[in-house]
Amino acid sequence: MAATAPAALQLLCRRPSLSAAQLRQVHAQLLTSSSLSLLLADRFLPNQLLRSLLPAHPLRVLRLFPRLRRILPGFRPNNYTFSFLLKSAADSSSSQGSDARLVASLHALAVVLAWDAHDYVANGLIHAYASHGLLPSARRLFDGAVTSRAADVCSWTSLLTAYARAGQVDEARALFDGMPRRNDVSWSAMLSAYVAAGGFADAVRLFEDMLRSGVRPNRAAVVGVLTACGALGALEQGRWVHAMVAAGARRSSRNDDGMIAIDGVVMTALVDTYAKCGSLDAARQVFAGATPEQRDVFAYTAMISGLSDHGRCLEAIDLFARMQAEGVRPNEVTFICVLTACGRAGLVGRAREVFRSMAAAHGVRPGVEHYGCLVDALGRAGLVAEALGVVRSMPMRPDSYVLGALLNACAARGDVEVGKQVVGWLAEQGLDHSGVHVQLSNMYAAWSEWGEVARVRRNMEERNVAKVPGCSMVEVDGVACEFVAGDRSHPRMPEIMSAVRDLHAHLRHRFDDIILVGVS
DNA sequence: ATAGGGTTAG
């Protein structure tokens, strides 16, 4: 019996992702009284046990720890023990919701056992606090660690990421600039911070700085800069990054000198970037070149979304079918894309069908976004009454997107009665920006009910509805041009209006399977 | 035996 403990331990260490049932069995073996002496004999064994559980079962590590202390009086947690525990605590923040007290109690325990002075433990605590978003605690420990020169590059990066997640990009950048040492992860963390904050041009600049400083970009940096290129519509930049990654992948397959491979995540980012930059063919090519393993739900969803955005709604719906035939299970985002494609293609029946199948066949409960897509699809097909019925039967409160879709449908059908009701609901929730009222007033105007038009305008003034004018920006030859709704002050306005008319005609001609709402 | 960054959305 005693001999089973090391065997079980070996099993644990080699196969860290055992099933729950297998783990219970191995633990039962390890914790028998005859094995306890073995565990006690080697002070590393309890740590091994914890470590073996970490990748797949972070919370189990936290539960097992007090039990080990109870049944093994000789067990002295050391710096490794704490680094495992803190890693568990940090990982549990994403999967199980934030539990601040968990980190605080580990901190307290580390102090009691005098392990908090150990560099690894101190850095682990900073990371655990930071990943729970507990910035003041993380910062206090971090400042102490910087003073005592204990703070390592991981702590700097963890804190940088925590500031970025809290929306403080400038603070993140200040940390980045202050780092005594940076590696690829520090660069990619800063790059992702910019992307998350919408600073796409800053992200692209940072990527170029990264290359100039001789740091080899990793997957995260490549994915981040591709996301930025997609958002900017920077097709040339995106192509350049693609070529760089492809060249590096070819080189490293020969002599393994370490450029990143185009794995599934990078491939998905490329599909998305090309599609967002208007190059559907390139997106298709990348997708077609992917291996079956790389074509996961993310890849399929990106491709479906790209097809739908380019007006290839029927192809998008076909790809959804092919995805299921390949055994890839759609998730909630996939359904948003597919429902959107159905709506744009005018396939209301298919939209209803897909919506019904979500919970029934795929175990995905429709969220408010899915109701929004369904209402939009019904509304584009002119089925205002059915759309209204869906809104009334929703198990959750309709948001501005749902009500906006319904209002669009009312406007398109000239249904002033329902439209008035929808504007009332929007007003109740404080979601009635000026455009909503303008839409209602336009509906009355279409029926020549000028008294009602005036009443809506008065109501807007009385209620002091905030005017948030629509606005867009484009960069031409390095000069930024801003356009605000109703503003005709640009010196080349006649040319611009003529280009807009051409574009509109082109859209109608090319995407005639799209139902355009609100464009006349 | 040790910690940090990443993909799809109306």
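Given the structure is predicted, the values throughout are model-derived calculations rather than measurements.

## Considering the overall build of chain A
- The helix and strand inventory of chain A stands at 28 helices and 2 strands.
- Considering chain A as a whole, with its 520 residues, one finds that 43% of them fall into the buried category.
- Intrachain contacts of chain A at a sequence separation of at least 6 include 57% that bridge at least 24 residues.
- Put simply, chain A shows about 26900 Å² of open surface, and 54% of that area lies on carbon and sulfur atoms.

## Overview of the protein's contact with DNA strand B
- Neighbouring residues of DNA strand B: 41 residues in total, closest Tyr120, His127, Asp152, Asn183 and Asn218.
- The protein-proximal atoms of DNA strand B, defined as those within 4 Å of the protein, are 39% sugar or phosphate.
- In this structure, threonine 268 approaches DNA strand B through a side-chain N or O atom, which is 3.5 Å from a base oxygen.
- Considering each element in turn, the surface near DNA strand B owes the most residues, 5 residues, to helix α10 (residues 153-165).
- When grouped by side-chain class, the residues that make up the surface near DNA strand B number 17 nonpolar, 14 polar and 10 charged.

## So, the UniProt feature "repeat: PPR" (unreviewed entry) in chain A
- Feature annotation in UniProt places "repeat: PPR" (unreviewed entry) on residues 152-182, 183-217, 296-330 and 331-366, given in this structure's numbering.
- Taken as a whole, residues 296-330 contains 74% helix and 0% strand, while its terminal C-alpha atoms sit 9 Å from one another.
- With 81% helix and 0% strand, the stretch residues 331-366 has end C-alpha atoms that lie 11 Å from each other.

## Quick word on helix α14 (residues 219-232)
- Along its 14 residues, α14 runs 20 Å from first to last C-alpha, staying within 8% of the 20 Å computed at 1.5 Å per residue.
- Among the residues of α14, those classed as buried are Ala221, Val222, Gly224, Val225, Leu226, Ala228, Cys229 and Gly230.
- At the exit of α14 stands glycine 233, carrying a positive phi of roughly 70°.

## Concerning the packing of helix α7 (residues 100-112) against helix α8 (residues 119-131)
- Packing of α7 against α8 brings their axes to within 10 Å, and their N-to-C directions diverge by 165°. Taken as axis vectors, α7 and α8 run roughly antiparallel relative to one another. Once α7 is placed against α8, the crossing between them reads as left-handed. Residues Val103, Ala104, His107 and Ala110 of α7 touch α8, and the partners they reach there are Val121, Leu125, Ala128 and Tyr129.

## Points about the packing of helix α11 (residues 169-178) against helix α12 (residues 184-196)
- Running from N to C, α11 and α12 cross one another at 160°; their axes reach a closest spacing of 10 Å. Classified by the interaxial angle, the pair formed by α11 and α12 is roughly antiparallel. For α11 against α12, the interelement crossing comes out left-handed. Contacts from Val169, Ala172, Arg173 and Phe176 of α11 reach α12 at Ser186, Trp187, Met190, Ala193 and Tyr194.
- Residue composition of the contact of α11 with α12, by class: 7 nonpolar, 1 polar and 1 charged.

Rules used in this analysis
Every chain begins its residue count from 1, and numbering advances along the sequence as written. Written order decides the labels, with chains lettered from A and ligands numbered from 1. Thresholds applied to this predicted model are a pLDDT of at least 70 for local features of residues and 80 or more for the giving and counting of side-chain atom pairs; totals over whole chains, interfaces and linings are not thresholded and use all residues. Heavy atoms throughout the structure, all of them, feed into the side-chain values; hydrogens and water do not. Counting from the N terminus, the helices are DSSP H or I runs at least four residues long and the strands are E runs at least two residues long. Three exposure classes are used, based on accessible area relative to the maximum for each residue type with a 1.4 Å probe and protein chains only: buried under 20%, partly exposed in between, and exposed over 50%. Whether two residues are in contact is decided by their heavy atoms: any pair within 4.5 Å suffices. Shrake-Rupley sampling with a 1.4 Å probe provides the accessible areas, and residues are treated as covered by the protein chains on show and by no other component. Neighbouring residues are identified by heavy atoms, a residue being near a molecule or strand if any of them is within 4 Å of it. Any pair of nitrogen or oxygen atoms within 3.5 Å is treated as a polar contact; in protein, a donor-acceptor pairing is required on top of that, and neighbouring residues in sequence qualify only through side-chain atoms on both sides. Three categories are distinguished: nonpolar for Ala, Val, Leu, Ile, Met, Phe, Trp, Tyr, Cys and Pro, charged for Asp, Glu, Lys and Arg, and polar for the others, with Gly belonging to the last. UniProt positions are given in the numbering used here, feature names are shortened, and annotations may be inferred rather than shown by experiment. The length a helix should cover is 1.5 Å for every residue beyond the first. Lines fitted to the C-alpha atoms define the axes, with helices restricted to the stretch that makes contact. Angles between their N-to-C directions range from 0 to 180 degrees. The scheme is simple: roughly parallel for angles under 35 degrees, roughly antiparallel for over 145, roughly perpendicular for 65 to 115, oblique for anything else. Crossings are classed by handedness, with left-handed meaning an anticlockwise turn of the near helix from the far one by less than a right angle and right-handed meaning a clockwise turn.

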